[in-house]
Amino acid sequence: MAGLDGVVSVFPNEKKQLLTTKSWDFIGFPYQVARTNAESDVIIGLIDSGAWPESDSFNDKGFGPPPRKWKGTCQTSNFTCNNKIIGAKYYRTASDGPLSETDIKSPRDTIGHGTHTASTAAGNPVSMASMLGLAQGTARGGATSARIAVYKACWDDGCDEADILAAFDDAIADGVDIISVSLGGFSDENYFRDSLSIGAFHAMRNGILTVYAAGNSGPAIGSIDNFSPWSISVAASTLDRKFVTKVQLGDNRTYEGISINTFDLKGEFYPIIYGGDAPNTSAGSDETSSRICYMNSLDKNLVKGKIVLCEGGMGIGALKAGAVGILTQGQISRNDAYSYPLPASFLDLKDGADIFDYVKSVRTPTGTIFKSIEFKDTLAPEVASFSSRGPNIVTPEILKPDLIAPGVDIIASWSPISPVSGFDGDKRKLEFNIISGTSMSCPHVSGAAGYIKSFHPSWSPAAIRSALMTTAKQFTPMNNLDAEFGYGAGLIDPSKAVNPGLVYDADESDYVRFLCGQGYSLKNLQLITGDNSTCSETTYGTARDLNYPSFALQASLSMPNVSGSFKRTVTNVGSAKSTYKAVVTAPQGLRIQVNPSVLSFTSLGQKQTFVLSIDGAIDRPIVSASLVWDDGKFQVRSPIVVFNVAIP
């Protein structure tokens, strides 16, 4: 099939996976921020698991009819659109197989994920929102006046690539402005053997920006899922709020664990049993499985009515065995909290060992688990441990991720028929849920992009990306060892991004030159572009020639010395008459020059070109620097990273 005319590439029809509000205030984007009436003309399309249309986040009170440009439809099978959710479709090819018992053949969200991401991007303000009292406040999206278009391509068994591509095609034809995709992951070292990359390219050709989740496979280097140069890849940061769940033992010792525990044992003490001491031998289990509290691994007669001390797991085995709570432990990330289907606290290994010793040394060990409380995280924002890291494994000198946004313990709307913890035994039916993932950081950037689009309807996807990147709040590599490969240009600042001063723009022709330089065939290019694009003499010799708002230079693993240059063009969108001076911050050992070092503009839309060159040596795998163009009013910052990390 790969040799047939009209076939760009053949790749397995794989399943993609869903990646998983104080957050807007945390990044300095209050609800009262200046907005334009044109925001109601912005349409954000979400390719996800659908939406729960009855949520208050999607009420259309005060909204007029959809924008004239809207050409989409609403599949009304168990779903009703309005002037907020203006369109909804679902996708399920015959090859996907039968639906699960909980799936509904409708745009309606039975998983919760799509409702959460849609309300984060563009949900209405909902006061007194909380998860049974936790994280109480006003939940809202970034572009609160924008319209939402729902494209359900994800079901209980995942997200089929053929369905994702069909959703992209419809979103483009329907007239959306932003496509938000909280899915992963890329599995090939070729941009055109992945549905997400292909869909984003088609969107870019039509002036539509695609925003992706970076992935939840961190902190491994090179673990990033989505990194095509024509889209935005978003990492996840922590918030200055964390949830702590206290545990008290019968001897009055108290420990603090991490979880989102809405259950209240009212201070009542229950017997504690170690899971390894309660194997379900009748089902063939022994201590090796019961200590992890796997499903069916625990003896109900020994566990019922007790708190179980587990060495891992999410508690579903303890719940099914009749336990009243679990204490679990481990070394995995402790900067994001999980919901469990019963009272639970996730402890560090030392505290877990202390409790184990207590259980083993006392004839009748007892304890209780308290409802979670909120603490201020003074170290935030940090890169979340789970957030996938760069470099870009296809084109290392295109820095990815591009940006970072809040993605830890995010509260947003939820599908009330979906279990809060993701386990069927969880009977809580809630309208809001707190979850973590780059799936949550992605719609923050989608909402911010929609906000910028309302002020600048004619800006290209690259211009919007540039505005977000060059105005981002700087992170420090001292607290985030993977530096720009963890956080990109920094934390989004939507208010500032509306007026960036200068933008690094790019269009389809730039990406074609880039792809030609990367060795993609003429046939593939023309099939992708749908026109007579050719690899001309202006083909970019290296990835460094693409007009990107960041700079990445790869050094040899065996040689610390490095040398390279970048040609860039900036467009004036700030003050008509302005003069920018280059301000370079570089570590010892690197010589970074900008020529010319002064750019003068006499009109809006005027373009100026410069060359940034790097020479020297690096003494560690990742070295950070920066370039700021400063005219006294605007500071246009681009990250520079020089690296020799091994790419998997």
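Since this is a predicted model, take the numbers as computed values, not measurements.

Draft legend 1. The pattern of salt bridges, seen in detail. Using the criterion set out here, one finds 20 salt bridges in the structure. Across the salt bridge formed by Arg544 and Glu397, the nearest N and O atoms sit 2.9 Å from each other. Of this pair, Arg544 sits in the loop between α14 (522-529) and β25 (551-554) while Glu397 sits in the loop between β20 (373-376) and β21 (403-406), and the two are 147 residues apart along the sequence. Each member of the pair, Arg544 together with Glu397, is buried. Among the ionic contacts, a cluster of salt bridges with common partners joins Lys22, Asp240 and Lys376.

Draft legend 2. A look at the packing of helix α2 (residues 113-122) against helix α9 (residues 438-455). Axis separation between α2 and α9 bottoms out at 7 Å; the angle between their running directions is 35°. Note that α2 runs across α9; the crossing there is right-handed. On α9, the residues that touch His113, His116, Thr117, Thr120 and Ala121 of α2 are Ser439, Met440, Pro443, His444, Ser446 and Gly447. Considering only residue class, the contact of α2 with α9 consists of three nonpolar, eight polar and no charged.

Draft legend 3. Spatial organisation of the sheet that holds strand β30 (residues 607-617). Taken in spatial order, the four strands of this open sheet run β24-β26-β30-β28, and their pairing is antiparallel. Of all the strands in the sheet, just β24 (502-503) and β28 (590-595) have a single pairing partner and so form its edges. Where β24 lies against strand β26 (residues 561-572), two bridges are found, and the strand directions are antiparallel. Bridge pairing in β26 links Leu502 to Asn572.

Draft legend 4. Local environment of the environment of Ala171. Here Ala171 shows up in helix α3 (residues 161-174). On the accessibility criterion, Ala171 (1% relative accessible area) is buried.

Draft legend 5. Local environment of the packing of aromatic side chains. Applying the stated criterion across every chain, the model contains 17 aromatic pairs. Each ring, one from Tyr274 and one from Phe356, has its centre 4.9 Å from the other, and the planes form 85°; the classification is edge-to-face. Taken together, the residues span a long stretch of sequence, with Tyr274 in strand β15 (residues 270-274) and Phe356 in helix α8 (residues 349-361) at a distance of 82 residues. Positioned above the aromatic ring of Trp52, the side-chain terminus of Arg108 is 4.5 Å from the ring centre. Arg544 extends its terminal NZ or CZ atom over the ring of Phe566, reaching a point 5.8 Å from the ring centre.

Draft legend 6. Broad picture of the sheet that holds strand β32 (residues 635-643). Pairing in this open sheet of five strands is mixed, and the strands run β25-β32-β31-β27-β29 from one edge to the other. Both outer strands of the open sheet, β25 and β29 (598-601), are each paired with one neighbouring strand and no more. Strand after strand, the sheet turns through a mean of 20° between neighbouring axes, direction not considered. Pairing of strand β27 (residues 578-585) with strand β31 (residues 622-630) involves five bridges; the strand directions are antiparallel. Following the sheet pairing, Val584 is matched in β31 by Leu627.

Draft legend 7. Structural detail: the pairing of strand β2 (residues 43-48). Counted residue by residue, β2 has six buried out of six residues, so it is predominantly covered. Going residue by residue along β2, you find Ile43, Gly45 and Ile47 tucked away on one face and Ile44, Leu46 and Asp48 tucked away on the opposite face as well. Strand direction decides the pairing type here: β2 and strand β9 (residues 178-181), joined by three bridges, are parallel. Paired with Ile44 across the strands is Ile178, a residue of β9.

Conventions used here
Residues numbered from 1 in each chain as written. Predicted model: local features only at pLDDT ≥ 70, side-chain atom pairs only at ≥ 80, totals over all residues. Heavy atoms only, no water. Salt bridge = Lys/Arg side-chain N within 4 Å of Asp/Glu carboxyl O. Helix = DSSP H or I, 4+ residues; strand = E, 2+ residues; numbered from the N terminus. Buried < 20%, exposed > 50% of the residue type's maximum accessible area, 1.4 Å probe, protein only. Axes fitted to C-alpha atoms, helices over the stretch in contact; angles between N-to-C directions. Left-handed = near helix turned anticlockwise from the far one by under 90°. Contact = heavy atoms within 4.5 Å. Nonpolar A, V, L, I, M, F, W, Y, C, P; charged D, E, K, R; others polar. Pairing = 2+ DSSP bridges. Phe/Tyr/Trp six-rings, centres within 6.5 Å; stacked < 30°, edge-to-face > 60°. Lys NZ or Arg CZ within 6 Å of the ring centre and 35° of its normal.

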